[in-house]
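Residue-level structure breakdown
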Amino acid sequence: MSKPSLPQGTRDFGPEVVRKRQYIFNTIRTVFELYGFQPLETPAMENLETLMGKYGEEGDKLIFRILNNGLDNPDKQQQARADFEKVLEGKNVKGITERALKYDLTIPFARYVAMNHGQLTFPFKRYQIQPVWRADRPQRGRYREFYQCDADMVGSNSLLNEVELANIYNDVFTQLGIDQYELRINSRKILAALAELCGGADKMIDITIAIDKLDKIGLDKVKAELEQRGLNEEQISTIEKYLNITGNNREKLQQITALIGHLETGKKGIEELEYLDNNSQIDNRHSPLVLDFTLARGLNYYTGIIFEAKAPATVKIGSIGGGGRYNDLTGLFGVPNIPGVGISFGVDRIYDVMEELQLFPENVAIGTQVLFFNLGADESTMAFSHMQSLRKQGVRCELFHEPTKMDKQFKYAEKKNIGFVIIIGSQELQNGTCVVKNLKTGIQETIPVANLTSKLFI
RNA sequence: GAGGUUGUAGCUCAGUUGGUUAGAGCGCUAGAUUGUGGUUCUAGAGGUCGAGGGUUCGAAACCCUUCAUCCUCCCCA
């Protein structure tokens, strides 16, 4: 028997961590509900063909596939061998694998909408908080199983949706105390116009992949990569002009207009960003909305505005959320003309940011509020009955599991971060009283047991 | 998929050039303390040195293989 272990890139969450994570989930969920989004859950696994080809070539490799059961059935051995040969050639064969763990929440949502579009009321606004899996190599802030919190609305082209989503970001991060975050925005239309300006719409992917790295590797290396990706000197110089756009949002818009405003898609993109910038009435100490024309985002189904929430610069974690508009997501599933826009929160990274900046409120760690000491048979019977009265009032409490030295019972309370202990010993039993001790302050008082239920244990 | 790092007690880590019986701090258990925790003091338990093989009189240390881990790139949350 070898030592027990976890699959690579997965984690257990102990009680304290779960509490903190739930605090984040609950905050996000509450804000989603506040904006009229409805919950949705989809299965952990999808048919492989639902997922394949939706995340680009790189994405396909990162999908966790599930091996079919019954491959060892002797009757089907020959077929299995033949099928496996094809797998070795890099093909997907239904005989070997036809299901996969979901890779994100957006595609399963699109599948759901495509299957149910006849029944849904549009615009349909849903939120979804579930784990997803990626066969990625784990590293800092990156796991093979992690939660996504998505909110999408489909069936509307209105830019009002983008405005709402920007405000959801702001509400959530402000409530969590991450008020130095930045919400970067760009439009795929701007990027498309840039590609057009460089003479080839087909170059868009090459260009975006390269310029997305600007803040990471610097201008020179971006230019080198562009060259390597087959762009000529003139095109690179155009892109350099594009990358040199600086200033506040208004100034950036002026400069981008000069560069690509004469192009149809460029003009549209600029209008969208202008609208979003003017109408997101985000009142914050610093305005989190930052136009960033280098922002590209990997998922290739985005067509309009794209978002990326960045952690405060002091914590080197980068993106803590992202999203954007897609014009025709369900078209992939045979239901065309349903546009949508959505955002996602990266809970695991938000957790790391909050931990680093010490933003969790102290009381998230409190489970049990009151521990009743166990000081004998009669004493604990009395304690039990009072404990049940407190529980009826919603006070979380427990009775120590066996009569033992007070020393032990105190230490148990301390380790579990229980704020109060209630002592009912022989004296108290006789007098109909109890001792209530606040472990934080060390102050204790003796009160009649009848008064217990009127006390607040916080 | 490519490159690198580190694996020693429950946790964080020492361990000299390869040399006797592998250490510390924290944590854990018990006692000092028969109705008062946090501090202090004392004692105790706890190890296949990641695993397998090799070199050697002798390996935690050197070599090979393998597994795990963390990091960087690609890509992404």
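Predicted model only: the values in this text are computed from it and were never measured.

Attention shifts here to the UniProt feature "binding site: L-histidine" (unreviewed entry) in chain A. UniProt's feature table lists "binding site: L-histidine" (unreviewed entry) at Asp104, Leu105, Thr106, Arg134, Gln148, Asp152, Arg297, Tyr301 and Tyr302, given in the numbering used throughout. In this fold, Asp104 is placed in the loop between strand E4 (99-101) and helix H5 (106-116). In this structure Asp104 comes out as buried when scored by relative accessible area, which is 3%. Here Asp104 is in contact with Tyr55, Val132, Arg134, Gln148 and Tyr301, once residues within four sequence places are set aside. Looking at Asp104, its side chain comes within polar contact range of the main-chain nitrogen of Thr106, at 3.4 Å. Exposure remark for Asp152: the relative accessible area of 2% places this residue in the buried category. A distance of 2.9 Å separates the side chain of Asp152 from the side chain of Arg126, its partner in a polar contact.

The subject of this paragraph is the protein's contact with RNA strand B. Arg140, Arg142, Tyr143, Arg349 and Lys415 are the nearest of the 40 residues found near RNA strand B. Among all atoms of RNA strand B positioned within 4 Å of the protein, those belonging to sugar or phosphate total 49%. Within the contact set of RNA strand B, a sugar or linking oxygen lies 2.9 Å away from a side-chain nitrogen or oxygen of Glu414. The separation between a base oxygen of RNA strand B and a polar main-chain atom of Gln427 is 3.0 Å. Sort the elements by how many residues they give to the surface near RNA strand B and helix H16 (residues 406-415) lands first, with seven residues. A breakdown of the residues in the surface near RNA strand B according to their chemical character gives ten nonpolar, eleven polar and 19 charged.

In this section: the environment of Glu162. Within the secondary structure layout, Glu162 lies in helix H6 (residues 160-176). Judged by its relative accessible area of 0%, Glu162 falls in the buried class. Separated by 178 residues in the primary sequence, Glu162 and Gly340 have C-alpha atoms spaced 9.9 Å apart. Once you skip the residues sitting within four places of it in the chain, Glu162 turns out to touch Leu276, Ile305, Phe307, Arg325 and Val341. Among the polar contacts made by the side chain of Glu162, one reaches the side chain of Arg325 at a distance of 2.6 Å.

Another aspect to go through is the confidence of the model for chain A. Parts of the prediction with low pLDDT should not have their coordinates interpreted in detail. Here chain A shows a mean pLDDT of 88. Residues at 70 or above account for 98%. Of all helices and strands in chain A, the one with the weakest mean pLDDT is helix H9 (residues 214-217) (78), whereas strand E1 (residues 38-39) scores best (97). Here the prediction assigns the complex a pTM of 0.89, and the interface score ipTM is 0.82.

Splitting chain A by domain gives domain 1 (10-64 + 103-177 + 315-365), domain 2 (182-310) and domain 3 (370-454). Summarising the inter-unit geometry, the C-alpha centres of domain 2 and domain 3 are found 63 Å apart.

Two side chains bearing opposite charge may form a pair once their charged atoms approach each other closely. Under the defined criterion, the tally for this structure stands at 20 salt bridges. Residues Glu225 and Arg229 are paired through a salt bridge, measuring 3.1 Å at the closest nitrogen-oxygen approach. Under the relative-accessibility criterion, Glu225 is labelled buried at 13%. Taking relative accessible area as the criterion, Arg229 reaches 28% and is therefore assigned partly exposed. Between Lys416 and Glu398 there is a salt bridge, with its nearest N and O atoms 2.8 Å apart. One end of the pair, Lys416, is in the loop between H16 and strand E14 (420-423); the other, Glu398, is in strand E13 (residues 397-399), with 18 residues separating them in the sequence. Judged by relative accessible area, Lys416 falls into the partly exposed class, the value being 37%. Within this structure, Asp206, Lys213, Glu225 and Arg229 form a network of salt bridges that share partners.

So, how was this worked out
Residues numbered from 1 in each chain as written. Chains lettered and ligands numbered in written order. Predicted model: local features only at pLDDT ≥ 70, side-chain atom pairs only at ≥ 80, totals over all residues. Heavy atoms only, no water. UniProt positions renumbered as here; feature names shortened; annotations may be inferred. Helix = DSSP H or I, 4+ residues; strand = E, 2+ residues; numbered from the N terminus. Buried < 20%, exposed > 50% of the residue type's maximum accessible area, 1.4 Å probe, protein only. Contact = heavy atoms within 4.5 Å. Polar contact = N/O pair within 3.5 Å; in protein donor to acceptor, adjacent residues only side chain to side chain. Near = heavy atom within 4 Å. Nonpolar A, V, L, I, M, F, W, Y, C, P; charged D, E, K, R; others polar. pLDDT = per-residue confidence, 0-100. Domains from an automatic or database assignment. Salt bridge = Lys/Arg side-chain N within 4 Å of Asp/Glu carboxyl O.

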